[in-house]
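The primary structure of each chain is shown beneath.
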Amino acid sequence: MTSLELYSKGARVWVPDPDAVWVSALLLKDYSPGDNNLLLQLSDGEEAHYPLASPSDLPPPGNPDILEGENDLTALSFLHEPAVLHNLRVRFLDYNSIYTYCGIVLVAINPYDQLPIYGEEVIDAYSGQDMADMEPHIFSVAEEAYRTMTREEKNQSIIISGESGSGKTVSAKFTMRYFAVVGGAAQQTSVEERVLASNPIMESIGNAKTTRNDNSSRFGKYIEIGFGRKGDIIGANMRTYLLEKSRVVFQASAERNYHIFYQLCASRELPEMRSFKLDAPENFRYTSQGGETQIPGTDDLLDLERTRNAFTILGVQPDQQMELFRILAAVLHLGNVNIQASGRNSDRSYIDAEDRPLAVFSKLLGVDGPQTAHWLCHRRLAVGGEMLVKPVSGQQALEARDALSKHIYGQLFTWTVQRLNSALHSQKGQTKSFIGVLDIYGFETFDRNSFEQFCINYANEKLQQQFNRHVFHLEQEEYIREELAWSRIEFSDNQLCINLIEGQLGLFDLLDEECRMPKGSDESWVRKLYDQHLSSKPHPHFQKPRMSNSAFVVLHFADTVQYECDGFLGKNRDTVFEELINILRASQSELVAELFQQQGNASSVANGSVRSGKRATREHKLTVGFQFRQSLEMLMDTLNSTTPHYVRCIKPNDLKEPFMFDPRRTVQQLRACGVLETIRISAAGFPSRWTYEEFFCRYRLLLHGPLTQDQAQASCRLTLPRLIPDPDQYCFGKTKVFFRAGQVALLERLRAERLRVAAVIIQSRVRGWLGRVRFTRISWATVTIQRYCRGALARRLALTLRYTKAALVIQKTYRMVAVRQLFLTIRQATITIQAFGRGTMARRRYRQVLVERAAVLLQARVRGWMARRAYRRVRAAVVFMQCCARRRAARRELMKLKTEARSVEKFRELNKGMEVKLMQLRADQEAREAAALRETLHAEREAGSAELEALKVTVQKMESQKQEKPPPCPVISEKEVEERRRAEEKAAQDILQLTQDLQALQREKDSYCKEKEDLSARLFEQEQAQEECVQQAVSQASASLRAELDEERRKYQGLLRDFTRLEQRYDNLREMSLLTEGTKVHRRADSTQSLSLELPSPSTAPLSPFSSCLPSPEEVRRVSVTSPTLERRESVWSFQTPMDQLMVSMDVAKDPAVKMKVEDLAHAYDAVRVANKLLESQLRSQSRHKEEELEALRGQISAASCGSSSAAGPQELQEVLEAKEQECVRLRREMTELKKTVSLRRLLTQVLPSAFTAETSSCPSRSKPAVTGLLECRKKDENKLIKNLITDVRVDSALSLPPGLPASILFLCVRQADCSGDQTLARSLCSAAVTAMKAALKKHSKDVDMTALWLKNVCLLHDLLRQHSPKQTLDSDDLAPLTVDLSDLIRALSDLCIQAYQQLLSITEKRLQNIIVPAMLESETIPGLSVSTVKLVASRKRAGSDPRPVGGDAPSMAAVLRELGALHTALSHQALPPSQMEQAFHQLTYLISTSALNSLLLRKDMCCWSRGMQIRYNVSLLEEWLRSKGLQTGGAVATLEPLIQAVQLLQAGKKSEADAKALVQTCTALSSQQIVKILTLYTPHSDLDERVTLNFIRTVQGLLKGCSDGQPPQLLMDVRRVFPVTFPFSPPAALHAEQLVIPDSLKISFLRRA
């Protein structure tokens, strides 16, 4: 198959486009040799004809879709410009990846946005990793350079180039930051900090705003970072190239001068800056020419503060900084000096004597003003041995003023660079190797190009030549290493263009010659160029413009540039009058005099020449061009002696818009920076390289012969000649097979064709099998249908016969039934008629009898009623007559009584009292009668109501009887009927009234019940709301307190970790100084010496208060640790220090008990006490704030309670409210007590232990219980005990001891000394033990078992001393407290516990660090899974990289579990509490999870389905191990959740919107950036899998945006996060010497039992 066969129907090609440069098109028909055009379909659906004159005019073919977004451009099958441009656009716009490899070049596209990919967690992820394994990044290039330097011990260079605004400076800063972190300590100190501090200084004095970049570097710099033997930074050096001094006096439109001028103008109101007489930048000529004095988003005042801080870090004193700023201010004032023309033809000039800017300039620089004004307007000439003074014109005076300004700024720039180099100079020893970072200007072409662009493009020509040769050299090295039979690769060498510029009679030679001419001019120089390079010897790279005679054109490697000759000679000479220099040399300012005295003593001028009146002196001065060529030659020599690494920065658009891609600008820069040249060199050789194993796995189906992976090379050598007939298109190496450009695409097509043929065969076989199966099924179905049909017909015939017989039977039976039914009907009718006739007759007779009986009954009843009525009348008459007779007799008796009453009147007067009594008796009698009447009336009423009820019942019964059977109507009188009707109406009214009253009462009851329910519900809701508020307030307060406590604990432990690290560095430096010098040596004055960590002897003083008072905030770290120089430390800790003022303001007195020789420890101690006082005040203010909140809440509850009680009304509701109020009061009381308890705990952990000594001593003394079972140690045996028990104990003997035996022995000795009254011995013994344990930990800093042993002993000794301290024994009568105060030593032991714990984790973390990623991500625990799922370029390594060794030496999960098991065994052997083990493994599993996840997020080859299955299995092994050890409850398993969810994301479906929603709901532990990154990196593991579409990624982004608003951007997790450790106090059991089993190997038999 030839390359022409690739142009078939359906293939994609690239065609030129005026806007997009290249667009993709689809072939609509096959190409045949001889066709004049191609029929294409463009991306917008339009068809087009592409003309062809010859096969060489065929458009570039497109790469397979599987290679889209490849992170290495050289891995593309077709290497050409459109493929490179498209791949960069896809990665930049679709994947948001700004870095891409191109062979050895890293292409970096400026995103114009802040990306979260430069944090310390990213540095940790790239540190120690292979460049081929990770995603492209600037840190990857830095790591490759660092590893190559340490491995090969050869100097390295990182060359960063690009246009202005492409991000060169930022890339250089991140590179230096990476080296500072990797090559320095965990905290940037000393040299590392100084290297980074040089960036803001150089940016302020060397960067400016241009039309293309707001922070453009207007000079080139090469920084050499020196490393020692251990790979740590020990020094640096900076070289600068071609500062653009013309910018000091002139700026184009929309540009600015150097940043430092605007920073000074912005800080003009500062007290120290007022003497400079500065004004707004609009009022200075040198800062207002561009028209823009502000940069959006930039604070010049803040930038100046950063610049001053950087100067301070680099050791520049404040007075020197002010001198430097004074000179810069003077330059600004010099630009405002008003030079006026005079004379007849304006051939003279003068400066007004009252000119204010000149006066300010003279005052600031300490020079003579009149002399300066005179020599600005005059010059000195030597004529005939005599010196003449000649006035100059106004224009010449202005040029002299600007030349002086540029010269002053250039000298100041040079001095600053020298000062930085002296500060960065190595002070630790000889530099073993260095890494150089070259941040140099890229190829520039503007509408008007001058001398600066000419020098810049000349430098880029030299760098491009070096780059081409280096790339060519790497290609040849690869071929030689693989032992290929190769022919020389031709590449475009730009030596001709370089010879045109620097060769004999080149552009620089002619320019220098013209500068030496007395009357040389730009026009004459141009004519010489035309004569030399156009007329006499035409040069292919030199041209003359058509429309100009003052310009020339140079054909550079990147573009054709036209240079305007105006100003070339002046800029090349860069001269200034010697008289003005002499005035500056006589300046009263030391710095000004120093600047120009150095110039006078030097043999040549670094940044220009000084013009004097003598021509001979002037002719020997060096020009700028000559100096630039010399410095460039030195740079090229340096680069050629190092191993270069290239970073090409690309500016995607000129609008500075984030993630906007302009194809035309990008292609222009790709051509200029040499990326396409790299592609061309790679394409000229064998750009595609595969190892035999990778090739075998991918193209296995094309191979013949042995099909085992062990014989992959033999299979490849056997099959490739048949697949690719042209042997020049491939080549076999030792470990790889090489292909020329396009051959991989041919193999892919053959593979696809073979798969298609195989698919057709499989389809034919499957279809035949399906046809046969279908025929068999149809035959079987036909026979079955026939069988069923015949059976159905037979059954139908039988059914017909059966139906016929049944019909006959039915007919016979029916006829019989019809006749019988007729007979029965007639008989029944006859019987019915007879029955009805007989009944009628019987009823008639009955009615007649009934009528006759009723008449007889009526007559009897009437006759009886008449007889009774006559009887009643007679009886009534008799009674009436008796009444009349009796009334008459009563009247007679009354008259007799009245007569008798008149006769006893006198007697009645005499007995009035008796009458009153009688009246009372009568009244009582009447009352009794009335009560009896009332009772009778009540009884009557009850009887009436009962009778009424009985009547009602009777009426109801009668009505029911009436309805049931109408009785014969009796004769009832009208009166009875009326009475009955009235009774019924009255009863109905009473019933109705009672019913209404009952309904009213029921409604009232319902309303009361409803109101009661509403009030109860409202009260319940209020109670719930109050309870929720109280609970929420309590929970929030508790959570905030716990969070504050954890944060303080984390800060404290971090400070303790830094303290330990600084202590170790101090010990190392002390050992080095003792080895190098025998006598007292001078100590370095950097930040590592700010603390003296040497513990005093046991017999003289206790431990340092710093170790016992360490829990301080970040201010203590800044005060006590970060003092870079001795001068700064002295200035900080002067007599009137801010610490003293702070102690006075915080009411903290000096501790008289602190006596230390080292001043830093004393100040650190004071800082800790101040911090504790500050924390205490903050805690009190927070407590007051919480009390105010509680009072407000209490008021709200009371108001709600009052409202609810007023609404409730009933007494029972009020009682419920009072009960709830009491409950709220109780809860508030409990919450207050809880807060007091927590506050007390915090105060106890922060305040010095000595603060409580007085309280404990003031407590009433208690009788001590008798103490027995102790061990006695004499004073002379103290050192021997410590030596045999701690210091010199052997490892095997120590590990065989029972857990905590040394601590138990020491405590018994201390207890015995305390009980015997020897407090000095007890304290000395305890202090010596702490010191010895600390030394033992340092001695065994790499041994897990010994570290765990001493962790156990330190914790046990701490718990024993704390258990018997006076504060702990206040509540216990069983324990006798120690009389000696050991609170500071208990605190020191607590700190030592943390140090031992951190050391234990550090040992395990170091062992795990290098095996986490290979074991968790790369190890194939499931055998055979990855072999069958190899992707096209998934596991390919970059060109020139060595393959990673695999096999038995590769780390696996067994290694990780082995290290974890070793730690678990060590902790278990020492019987440490389970809580400490859970905390330790929580920290380690977090490290494993974050390291694996960060690497997964940066490695494309890991983001596939098969690898996800492998990783999930590895994680499950770790989970199973943790559960088997019982460590799942401490949060260790929970830390693995992000990694588990990332693996699930790799294995889940990624196609539909439902899949997107499921992913968002599942991956809750991952940030949105991490989810999108994994989806972007996802690579199909086989041809059956597909890439994640951009639409799906955008859908997921939309869902994540709705779920995680306000979430900070987080791509990588913080590997350095440390969880604070807590050591819960568990009082040990009582100790007795009889219980201890002390082996003889300890040799402590001198101890006596007491």
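What comes next is a walk through the structure. All values derive from a computational prediction rather than experimental measurement.

What counts as what
Residues numbered from 1 in each chain as written. Predicted model: local features only at pLDDT ≥ 70, side-chain atom pairs only at ≥ 80, totals over all residues. Heavy atoms only, no water. Helix = DSSP H or I, 4+ residues; strand = E, 2+ residues; numbered from the N terminus. Buried < 20%, exposed > 50% of the residue type's maximum accessible area, 1.4 Å probe, protein only. Contact = heavy atoms within 4.5 Å. Pairing = 2+ DSSP bridges. Axes fitted to C-alpha atoms, helices over the stretch in contact; angles between N-to-C directions. Patch = residues over 30% accessible without salt bridge, like charges linked within 9 Å, V, L, I, M, F, W, Y side chains within 5 Å. Areas by Shrake-Rupley, 256 points an atom, 1.4 Å probe, with all protein chains shown as cover. Salt bridge = Lys/Arg side-chain N within 4 Å of Asp/Glu carboxyl O. Lys, Arg positive; Asp, Glu negative; His and termini not counted. Charge placed at Lys NZ, Arg CZ, Asp CG, Glu CD. Parallel < 35°, antiparallel > 145°, perpendicular 65-115°, else oblique. Left-handed = near helix turned anticlockwise from the far one by under 90°. Nonpolar A, V, L, I, M, F, W, Y, C, P; charged D, E, K, R; others polar. Expected span 1.5 Å × (residues − 1).

**A word on the overall build of the protein chain**
Stage number 1. Counting secondary structure elements, the protein chain contains 50 helices and 27 strands.
Stage number 2. In the protein chain, which comprises 1650 residues, the share counted as buried stands at 46%.
Stage number 3. Taking all contacts inside the protein chain whose residues are at least 6 apart in sequence as the whole, residues at least 24 apart take part in 73%.

**Structural notes on the pairing of strand β23 (residues 688-691)**
Stage number 1. Judged by which residues are buried, β23 turns out to be covered on both faces: Ser688 and Trp690 on one side and Arg689 and Thr691 on the other are all buried.
Stage number 2. As judged from the four bridges shared by β23 and strand β25 (residues 736-739), these two strands associate in the antiparallel manner. Of the residues in β25, the one forming a bridge with Arg689 is Phe738.

**Quick word on the sheet that holds strand β2 (residues 21-27)**
Sheet strands associate in pairs through backbone hydrogen bonding, adopting either a parallel or an antiparallel arrangement.
Stage number 1. In space, the four strands of this open sheet follow the order β1-β2-β3-β4, with antiparallel pairing throughout. Both outer strands of the open sheet, β1 (12-17) and β4 (47-51), are each paired with one neighbouring strand and no more. Neighbouring strand axes in the sheet, compared pairwise and without regard to direction, differ in orientation by 50 degrees on average.
Stage number 2. Judged from the six bridges that link them, β1 and β2 form a sheet pairing that is antiparallel. Bridge pairing in β2 links Val15 to Val23.
Stage number 3. Its contacts with the sheet put helix α1 (residues 81-94) on β1 and β2, and the angle it makes with β2 is roughly 100 degrees.

**Structural notes on a nonpolar patch on the surface**
Stage number 1. A surface patch of nonpolar side chains, about 400 Å² in accessible area, is lined by Ile762, Val766, Trp769 and Leu770.
Stage number 2. Within the secondary structure, Leu770 is located in helix α26 (residues 743-903).
Stage number 3. For Leu770, a relative accessible area of 45% translates into the label partly exposed.

**Considering the sheet that holds β25**
Stage number 1. With antiparallel pairing, the three strands of this open sheet are ordered in space as β23-β25-β24. The open sheet is flanked by β23 and β24 (730-732), the only strands paired with a single partner. Strand after strand, the sheet turns through a mean of 20 degrees between neighbouring axes, direction not considered.
Stage number 2. On the sheet, helix α25 (residues 712-723) packs against β24 and β25 and is oriented at approximately 160 degrees with respect to β24.

**Considerations on a positive patch on the surface**
Stage number 1. Taken together, the side chains of Arg868, Arg869, Arg872, Arg873 and Arg875 present a region of like positive charge at the surface.
Stage number 2. Looking at where Arg868 falls in the secondary structure, it is placed in helix α26.
Stage number 3. Since its relative accessible area comes to 48%, Arg868 is described here as partly exposed.

**Overview of the packing of α1 against helix α22 (residues 663-673)**
Stage number 1. The interhelical angle for the contact between α1 and α22, taken along N-to-C directions, is 120 degrees, at an axis separation of 11 Å. When the axes of α1 and α22 are compared, the pair comes out oblique. Crossing angle aside, the handedness with which α1 passes α22 is right-handed. Residues Glu81, Val84, Leu85, Leu88 and Arg89 of α1 touch α22, and the partners they reach there are Pro663, Thr666, Val667, Leu670 and Arg671.
Stage number 2. Across the contact of α1 with α22, the residue classes break down as six nonpolar, one polar and three charged.

**Section: the side chain of Glu143**
Stage number 1. You can see Glu143 is positioned in helix α3 (residues 138-152).
Stage number 2. Apart from the residues within four sequence positions on either side, Glu143 is in contact with Tyr126, Ser127, Gly128, Gln129 and Tyr178.

**Some points on helix α13 (residues 451-481)**
Stage number 1. Taking 1.5 Å as the rise per residue, α13 with 31 residues should run 45 Å; its terminal C-alpha atoms sit 45 Å apart, in good agreement.
Stage number 2. Burial of α13 is extensive: 25 of the 31 residues sit out of reach of the surface.

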